[in-house]
Amino acid sequence: NGRRLWSLVCVERIMAKNYQDQFDVKKARRRLIGYLTKFLDWPDGDCPQCFDEWRDSTKDARDVLGPENVALLEEHMKFLEGIWPPPGEDSAVDQQCAM
């Protein structure tokens, strides 16, 4: 049917540290759930309790991966033009992320 079989999700952008207040955090997280439910063709995108147990990570991805793996990942990212960073709606920065 021509639909993509995969998608990318940037959890970095739904961390509270990226927003001024809890209202904006919840709005970004709702957009993420809405995006996923639309992509998966699920009937309902409403999930008020989905992030009740969410804890923002304090890890730095580059430190966890190490220099060798970061270099490899950055090399592979060059071949993902139009895919990485994941395209978001014009006004939705939630899905615009770095590594």
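All values derive from a computational prediction rather than experimental measurement.

## Describing the state of the cysteines
Stage number 1. In the structure shown here, the tally under the stated rule is one disulfide.
Stage number 2. With a sulfur-sulfur separation of 1.6 Å, Cys47 is cross-linked through a disulfide to Cys50. With the S-S bond torsion at 90 degrees, the cross-link from Cys47 to Cys50 turns out right-handed.
Stage number 3. Owing to a relative accessible area of 23%, Cys47 belongs among the partly exposed residues under this scheme.

## Focus: the pattern of salt bridges
Stage number 1. Counting across every chain of the model gives three salt bridges.
Stage number 2. Put simply, Lys27 and Asp24 hold a salt bridge, and the shortest N to O gap is 3.9 Å. One end of the pair, Lys27, and the other, Asp24, are both in helix H1 (residues 22-40), three residues apart, so they sit about a helical turn from each other.
Stage number 3. Among the residues examined, Lys27 registers a relative accessible area of 32% and is labelled partly exposed.
Stage number 4. A salt bridge links Arg29 to Asp56, with the nearest nitrogen and oxygen atoms 3.4 Å apart. Taken together, the residues Arg29 in helix H1 and Asp56 in the loop between H1 and helix H2 (61-77) connect sequence positions 27 residues apart.
Stage number 5. Residue Arg29 is classed as buried on the basis of its relative accessible area of 11%.

## Section: H1
Stage number 1. Helix length check: H1, at 19 residues, gives a terminal C-alpha distance of 27 Å against a target of 27 Å (1.5 Å per residue), a fit within 8%.
Stage number 2. Among all positions of H1, only Val25, Ala28, Arg29, Leu32, Ile33, Thr37 and Phe39 are buried.
Stage number 3. The opening residue of H1 is Asp21, an N-cap whose side-chain oxygen sits 3.1 Å from the backbone nitrogen of Phe23.

## Topic: the side chain of Thr37
Stage number 1. Mapping Thr37 onto the fold places it in helix H1.
Stage number 2. If we skip the residues at most four places from it in the chain, Thr37 touches Trp42, Asp44 and Gly45.

Each value, and the rule that gives it
Residues numbered from 1 in each chain as written. Predicted model: local features only at pLDDT ≥ 70, side-chain atom pairs only at ≥ 80, totals over all residues. Heavy atoms only, no water. Disulfide = S-S within 2.5 Å. Buried < 20%, exposed > 50% of the residue type's maximum accessible area, 1.4 Å probe, protein only. Salt bridge = Lys/Arg side-chain N within 4 Å of Asp/Glu carboxyl O. Helix = DSSP H or I, 4+ residues; strand = E, 2+ residues; numbered from the N terminus. Expected span 1.5 Å × (residues − 1). Polar contact = N/O pair within 3.5 Å; in protein donor to acceptor, adjacent residues only side chain to side chain. Contact = heavy atoms within 4.5 Å.

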